[in-house]
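What the coordinates show
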Amino acid sequence: MSPANNEERETPRPAASRPAPPRVAVLGAGSWGTALAAVAARRRPTLLWARQAAQAAAINATHENARYLPGVSLPSTLDVVSDLGQALAWAAADGGVPLLILGVPVAGLEAMCQELAARLPALGCDGWHVVWTCKGFDEEQGRLPHEVARSSLGRLPGVSTGVLSGPSFAREVAQGLPVGLTVASSDAALCAATTAALHGGAVRVYAGSDIVGVEVGGAMKNIISIACGVSDGLMLGTNARAALITRGLAEMTRLGVALGARADTFSGLTGLGDLVLSATGELSRNRRVGLEIGAGRKLADILAGGMTAEGVRAARSALARARALGVDIPITAAVCAVLFDGVSPMTAVSTLLARDARPESGDLRVPD
């Protein structure tokens, strides 16, 4: 019968009520935490936690993080608080499984995870997704971020964890420019929640499970970027930079595989992609440190000017872990020699160039 007959039309059913999307709380109002909060706030309810009350008030009043992202407008829907308990209670208020994005450096990750371990059980959620974004090794014990987080959060039921990384300058992300990121976790639901919070528009999020590979790539690319900056500061040419990037990728892959990563992870965003960006990009702090050293400045003077570079903090830990595993990472060793042992940049370059010839691929042999 014709659908034009009103008597034969099916009465429309009320739309099924959908649960509100899980809330996102970004803990840490540095450049990267603020940028990710801005991305999430355009898609779903998002709260940013800043350690300092004055900073939180200023961002709320101006919609700008003047300290870390000056001149970048933030969404008016993004609220900022300085009370951690308030931020966690807000995230848990609507039920579901909230997403916590930890925008803190490696040096601050353990303290943050300990705070969460103490506070989350009392908030009564069905579970929590906790994702960190820091790149590097714990300077004191040489741990990767997941090893730091596991010591506090690993014993909590209902808490799933993962890492978010990729070739990304915070300023460009906050400005809405295109970026590709990777979230890695053993929990597919965490990957789905992170993707739902951030993927869309100019942001693409890819999911995986190789946490170790993602973290080793994020840590090692900073060290290799310092080497590339030194080379550029010495004006050794683009051929030298290309060689450092390529052989640096081989170093990070060797170390990553020895630590339990998959080799193919290092051909992706968090390996080759992040390395190329940090080794060549003008916004790269690690490359900038290398440039200054190559130009003749001392590391202490560079750092005294407020420059922060995770590659400086990670280099000795990376070298120690590699040596404990019998993994050869000569570029990292050269960076350590220049940064900490008083070796001149040109001497370190000469040492690298003097190494014996060898096959590029591990399955090839030099004929007798």
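For clarity, every value in this text was computed on a predicted model and none was experimentally measured.

Thresholds, definitions, all that
Residues numbered from 1 in each chain as written. Predicted model: local features only at pLDDT ≥ 70, side-chain atom pairs only at ≥ 80, totals over all residues. Heavy atoms only, no water. UniProt positions renumbered as here; feature names shortened; annotations may be inferred. Helix = DSSP H or I, 4+ residues; strand = E, 2+ residues; numbered from the N terminus. Contact = heavy atoms within 4.5 Å. Polar contact = N/O pair within 3.5 Å; in protein donor to acceptor, adjacent residues only side chain to side chain. Salt bridge = Lys/Arg side-chain N within 4 Å of Asp/Glu carboxyl O. Buried < 20%, exposed > 50% of the residue type's maximum accessible area, 1.4 Å probe, protein only. Domains from an automatic or database assignment. Buried area = accessible area lost by both parts, 1.4 Å probe. Nonpolar A, V, L, I, M, F, W, Y, C, P; charged D, E, K, R; others polar. Phe/Tyr/Trp six-rings, centres within 6.5 Å; stacked < 30°, edge-to-face > 60°. Lys NZ or Arg CZ within 6 Å of the ring centre and 35° of its normal. Core = buried A, V, L, I, M, F, W, Y, C linked by side-chain atoms within 4.5 Å.

**Structural notes on the UniProt feature "binding site: substrate" (unreviewed entry) in the chain**
The feature "binding site: substrate" (unreviewed entry), as annotated in UniProt, sits at K135, R285 and N286 in this numbering. In terms of the greatest pairwise C-alpha distance, the residues named above, spread along 152 residues, form a tight cluster of at most 13.1 Å across. Mapped onto the elements of the fold, K135 is located in the loop between β5 (128–132) and α5 (145–153). If near-sequence neighbours (up to four positions away) are discounted, K135 is found in contact with V106, S165, G166, S168, G218, A219, K221, N222, D274 and E310. A distance of 2.9 Å separates a polar side-chain atom of K135 from the backbone oxygen of G166. Tracing the chain through its elements places N286 in helix α11 (residues 285–294). For N286, the residues in contact, after removing those within four places along its chain, are N222, S225, I226, A309, E310, G311 and V312. A polar contact of 2.9 Å, which involves the side chain of N286, links it to the side chain of N222.

**With respect to unusual backbone geometry**
At H63, a residue that is not glycine, the phi angle is positive and equals roughly 55 degrees. Mapped onto the elements, H63 comes out in the loop between α2 (53–62) and β3 (79–81). The backbone phi angle of M235 is positive, close to 60 degrees, even though this residue is not glycine. Along the chain, the position of M235 falls in the loop between α8 (211–233) and α9 (238–258).

**Notes on the pattern of salt bridges**
Scanning all chains against the criterion turns up 15 salt bridges. With a closest N to O distance of 3.1 Å, D94 and R23 form a salt bridge. One end of the pair, D94, is in the loop between α3 (84–92) and β4 (99–102); the other, R23, is in the segment before β1 (24–27), with 71 residues separating them in the sequence. Judged by its relative accessible area of 16%, R23 falls in the buried class.

**Let's talk about the domain arrangement of the chain**
Taken domain by domain, the chain holds domain 1 (24–209) and domain 2 (213–354). Of the residues lining the interface, 28 residues belong to domain 1; the matching set on domain 2 comes to 25 residues. Across the interface of domain 1 and domain 2, roughly 2100 Å² is buried in total on both sides, 65% from carbon and sulfur atoms. Taken together, domain 1 and domain 2 are joined by two salt bridges. Put simply, R321 and E147 hold a salt bridge, and the shortest N to O gap is 2.8 Å. On the surface where domain 1 and domain 2 come into contact, there are six residue pairs in polar contact (both at pLDDT 80 or more). Residue assignment for the side of domain 1 that touches domain 2 shows that the elements contributing at least two residues are α4 (106–119), α5, β6 (159–165) and β7 (179–184). Looking at side-chain class alone, the side of domain 1 that touches domain 2 contains 13 nonpolar, nine polar and six charged residues.

**A look at the packing of aromatic side chains**
Applying the stated criterion across every chain yields a total of zero aromatic pairs. The lysine or arginine in question, R316, covers the ring of F340, its NZ or CZ lying 3.7 Å from the ring centre.

**Brief notes about the nonpolar core**
By size, the foremost hydrophobic cluster in this structure holds 44 residues, and its most contacted members are F137, M220 and I293. Elements supplying a minimum of two residues to this core: α8, α9, α10 (269–280), α11, α12 (299–304), α13 (310–325), α14 (330–340) and α15 (345–353). Broken down by element, the residue count for this core peaks at ten residues, all from α8. Among residues more than four places away in sequence, those in contact with I293 are V230, L299, I302, V338, L339 and P345. With 36 residues, the next largest nonpolar core counts A38, L48, C191 and L198 among its residues.

**Some details on the side chain of H129**
Mapped onto the elements, H129 comes out in strand β5. Residue class for H129 comes out buried when judged on its relative accessible area of 8%. If near-sequence neighbours (up to four positions away) are discounted, H129 is found in contact with V97, P98, L99, L100, S160, D187, A189, L190 and A193.

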